[in-house]
Structures are given as C-alpha cells and as structure tokens.
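# Examination of the molecular architecture
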Amino acid sequence: MNVTVSRKAHFNAAHRLYRPDWDANQNEQVFGKCSNPYFHGHNYELIVSVTGPIDPQTGYVMDMKVLKDLIKEHVEDAFDHKNLNEQVPEFKNLNPTAENIVVVIHQKLKPHLTSDQALEVTLYETPRNFVSFKG
Ligand code: NI
C-alpha cells in the first residue's frame, strides 16, 4: 500500500533563456522577453512528493523533517537568490527553463530516497505556469 507525502518549498532566482550559438534576433524570436540579456527573476514554488509504503514502525512514508532538510540543502541553499545561469553549475551549459530546472531538482533529490520511494517534483515558475517530472 503506497501513500504520497508532499512538501511545499520556495525559492527566488534570476535567469535568462538563450542559446549562445544563436544571434540576438533568433533568441528574441524563440525566448521573447525571457532572453533579456539583463536577466529577470521568478518566485519559484516547488512541490516535492514522495510515494512509498508506510513504515509499520513509525507510520511514516518518510519523516517530513528529513524531506524538509533535503529540500533546504539541495534546492533552497543551492538556488535561492542566485542567478541560475551564472551561479548554479548545473545550468552553466543548460538553459534554465522550468523544464530543465525541475529535472535538475529531481536528479539532486532522488539519490537521497530509498529504492521503494518514488519521487515527483512539480515546479511553478508563475502561479499559472508549472511543470512536473517523475523521473
Ligand atoms: Ni523567466
């Protein structure tokens, strides 16, 4: 019997969407305002969900304090108030779209779960635009 537990988190970060091998016009055409060379920020909201069996000893799928600390260490401390393009190594050569960010977050958290715990990450870039990744 699997149950899903979820934790919400938040970080603010700046980014710019562009390809260095495209000229300014092509970047503007594909990425619009998001290619602004001076960067722009988002208030990212995150939902991290872990699905797995209930531990009969604790009654937990996962200790939420442990999940909270994992998110803080691997996501908030790494991304919050950062320029994703310039300060976060994962995006040095990877466009920091919501799609790529959610995959990176998943990759950072997954190794810290047990093999019988499934991970889904949902990332809101704006209140209306969000992406999710299950691995
Ligand atoms: Ni943006």
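In case you missed it, the structure is sitting above this.
Residues numbered from 1 in each chain as written. Predicted model: local features only at pLDDT ≥ 70, side-chain atom pairs only at ≥ 80, totals over all residues. Heavy atoms only, no water.

## Points about the overall build of the chain
Heads up, the rule is: Only DSSP runs of H or I covering at least 4 residues are called helices, and only runs of E covering at least 2 are called strands; the numbering of each starts at the N terminus. Any two residues whose heavy atoms approach within 4.5 Å at even a single point are treated as in contact.
The secondary structure content of the chain amounts to 4 helices and 5 strands. Secondary structure elements of the chain occur, N-terminal to C-terminal, as β-α-β-α-β-α-α-β-β. Overall, the chain is about 60 × 25 × 25 Å in size when its C-alpha atoms are taken along their principal axes. When contacts within the chain are restricted to residue pairs at least 6 apart in sequence, those whose partners lie at least 24 apart make up 67%.

## Some thoughts on the environment of Leu119
In this structure, Leu119 sits in strand S4 (residues 118-124). Between the C-alpha atom of Leu119 and that of Tyr38, which follows or precedes it by 81 residues, the distance is 34 Å. Discounting chain neighbours no more than four positions away, the residues touching Leu119 are Val48, Ser49, Val50, His106, Leu109, Lys110, Leu113, Phe133 and Lys134.

## Section: unusual backbone geometry
How we decide: Burial classification: accessible surface area is computed with a 1.4 Å probe over protein chains only, and a residue below 20% of its type maximum counts as buried, one above 50% as exposed, and the rest as partly exposed.
The backbone of Phe39 sits at a positive phi, close to 70 degrees, despite the residue not being glycine. With respect to the helices, strands and loops of the structure, Phe39 is situated in the loop between helix H1 (24-31) and strand S2 (40-53). Unusually for a residue other than glycine, His81 sits at a positive phi of about 60 degrees. Among the residues examined, His81 registers a relative accessible area of 61% and is labelled exposed.

## Here we look at the pattern of salt bridges
Applicable threshold: Salt bridge, as used here: a side-chain nitrogen of Lys or Arg that lies within 4 Å of a carboxyl oxygen of Asp or Glu.
Scanning all chains against the criterion turns up 4 salt bridges. Note that Lys65 and Asp69 form a salt bridge whose closest N and O atoms lie 2.7 Å from each other. Of the two residues, Lys65 and Asp69 both sit in helix H2 (residues 64-79), 4 residues apart, roughly one turn of that helix. You can call Lys65 partly exposed: its relative accessible area is 49%. Close ionic contact of Lys72 with Asp77 constitutes a salt bridge, the shortest N to O distance being 2.9 Å. Here Asp77 falls in the partly exposed class, since its relative accessible area comes to 43%.

## Some remarks on the layout of surface pockets
In this approach, a probe sized like a water molecule rolls over the atoms, and the result shows the empty space that is left. The following threshold applies: Definitions used for this entry: grid spacing 1 Å over protein atoms alone; cavity, a set of points where a 1.4 Å probe fits but cannot get out; pocket, an open set with protein on both sides within 12 Å along at least 5 of 7 lines; lining residue, one with an atom within 4 Å of a point. Grid points are joined across faces, edges and corners, and a volume is the space filled by probe spheres set on the points. Note on residue classes: Ala, Val, Leu, Ile, Met, Phe, Trp, Tyr, Cys and Pro are nonpolar, Asp, Glu, Lys and Arg are charged, and everything else, Gly too, is polar.
Its volume calculated, the largest pocket comes out at about 230 Å³. Taken together, Tyr18, Arg19, Pro20, Asp21, Asn85, Phe91, Lys92, Asn93, Leu94, Asn95 and Pro96 make up the full set of residues lining the largest pocket. Residues that form the lining of the largest pocket fall into these classes: 5 nonpolar, 3 polar and 3 charged.

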